[in-house]
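# Results of the structural survey
Given next are the chains, with one letter for each unit.
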Amino acid sequence: EIAEHGQAAEACARWFASPASEVSAHYCVDSAEVIQCVREQDIAWHARGGNTTSIGIELAGMAGQGRRDWEDAYSEAVLERAAELVADIADRYEIPIRKVGPSGLRKELRGVTGHADVSEAFRKSDHWDPGPGFPWADFLARARSLRSLVEF
């Protein structure tokens, strides 16, 4: 399991670098670091149906984590690092920091989404991460607070 340990991002990046994985994401995030695996201008293979129009961020954690599981010190650090990354990407690409669900994805709305939403929208995978316990409202508020541009 690569979920909650200090080298989770590195382990995830090594897995993505292996041809056997047949998957990738632009970034892997754990409590200590963010590792870029794919250049943002290149397509990563992280969420079938949404790969060509997204920047994929893989968080150290499990889809089965409940709300309280995301509140431990490790997960709080993961969320902080990921929020900083989302704020930076949103600034550079002028992406609104808002949750976009399956119907919004089908309408090509811009924002932040989960693999579960991409799976439901396009029916090309059965992935359900980051899971129903993921603290979306808190995470997006944190990312918004780190954003240097005025929300549009």
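Presented here is a report on the structure given in the accompanying data block. Being a predicted model, the structure only gives us computed values, none of them experimental.

The next subject is the environment of Leu146. Structurally, Leu146 is set in helix α5 (residues 136-146). Measuring from C-alpha to C-alpha, the distance between Leu146 and Ser75 comes to 18 Å, with 71 residues separating the pair along the chain. Look past the residues within four positions of Leu146 in its chain and what remains in contact with it is Glu80, Ala83, Glu84 and Ala87.

Glancing now at the sheet that holds strand β3 (residues 57-59). Taken in spatial order, the three strands line up as β2-β1-β3 in an open sheet, and their pairing is mixed. Both edges of this open sheet fall to β2 (34-36) and β3, since each of them pairs with a single strand only. The sheet shows a mean angle of 20 degrees between the axes of neighbouring strands, taken without regard to direction. Both strand β1 (residues 27-29) and β3 contribute to a ladder of three bridges, which runs parallel. Residue pairing across strands places Tyr27 opposite Ile57, the latter belonging to β3.

Glancing now at the environment of Ala77. Among the secondary structure elements, Ala77 is positioned in helix α2 (residues 73-93). Considered as a pair, Ala77 and Ala32 are 45 residues apart in the sequence and their alpha carbons are 7.4 Å apart.

What follows concerns the nonpolar core. Among the nonpolar cores identified, the biggest contains 23 residues, and Val29, Leu59, Val78, Phe134, Phe139 and Leu140 are the most heavily contacted of them. Elements supplying a minimum of two residues to this core: β1, α2 and α5. The biggest single contributor to this core is α2, with nine residues. Once residues within four sequence positions are removed from consideration, Val78 is found in contact with Val29, Asp30, Ser31, Leu59 and Ala60. Within the second largest apolar cluster, seven residues are counted, among which are Ala9, Ala25, Cys28 and Ile35.

This part takes up the pattern of salt bridges. One pass over the full model with this rule turns up 10 salt bridges. With its nearest N and O atoms 2.9 Å apart, the salt bridge here joins Glu10 to Arg14. Taken together, the residues span about one helical turn, with Glu10 and Arg14 both in helix α1 (residues 8-17) at a distance of four residues. Among the ionic pairs, Asp91 bridges to Arg147, the shortest N-O distance being 3.0 Å. Of this pair, Asp91 sits in helix α2 while Arg147 sits in the segment after α5; the two residues are 56 residues apart in sequence, bridging distant segments of the chain. Both residues of the pair, Asp91 and Arg147, count as buried. Linked through salt bridges whose partners overlap, the residues forming this network are Glu40, Asp88 and Arg92.

Thresholds, definitions, all that
- Residues numbered from 1 in each chain as written.
- Predicted model: local features only at pLDDT ≥ 70, side-chain atom pairs only at ≥ 80, totals over all residues.
- Heavy atoms only, no water.
- Helix = DSSP H or I, 4+ residues; strand = E, 2+ residues; numbered from the N terminus.
- Contact = heavy atoms within 4.5 Å.
- Pairing = 2+ DSSP bridges.
- Axes fitted to C-alpha atoms, helices over the stretch in contact; angles between N-to-C directions.
- Core = buried A, V, L, I, M, F, W, Y, C linked by side-chain atoms within 4.5 Å.
- Buried < 20%, exposed > 50% of the residue type's maximum accessible area, 1.4 Å probe, protein only.
- Salt bridge = Lys/Arg side-chain N within 4 Å of Asp/Glu carboxyl O.

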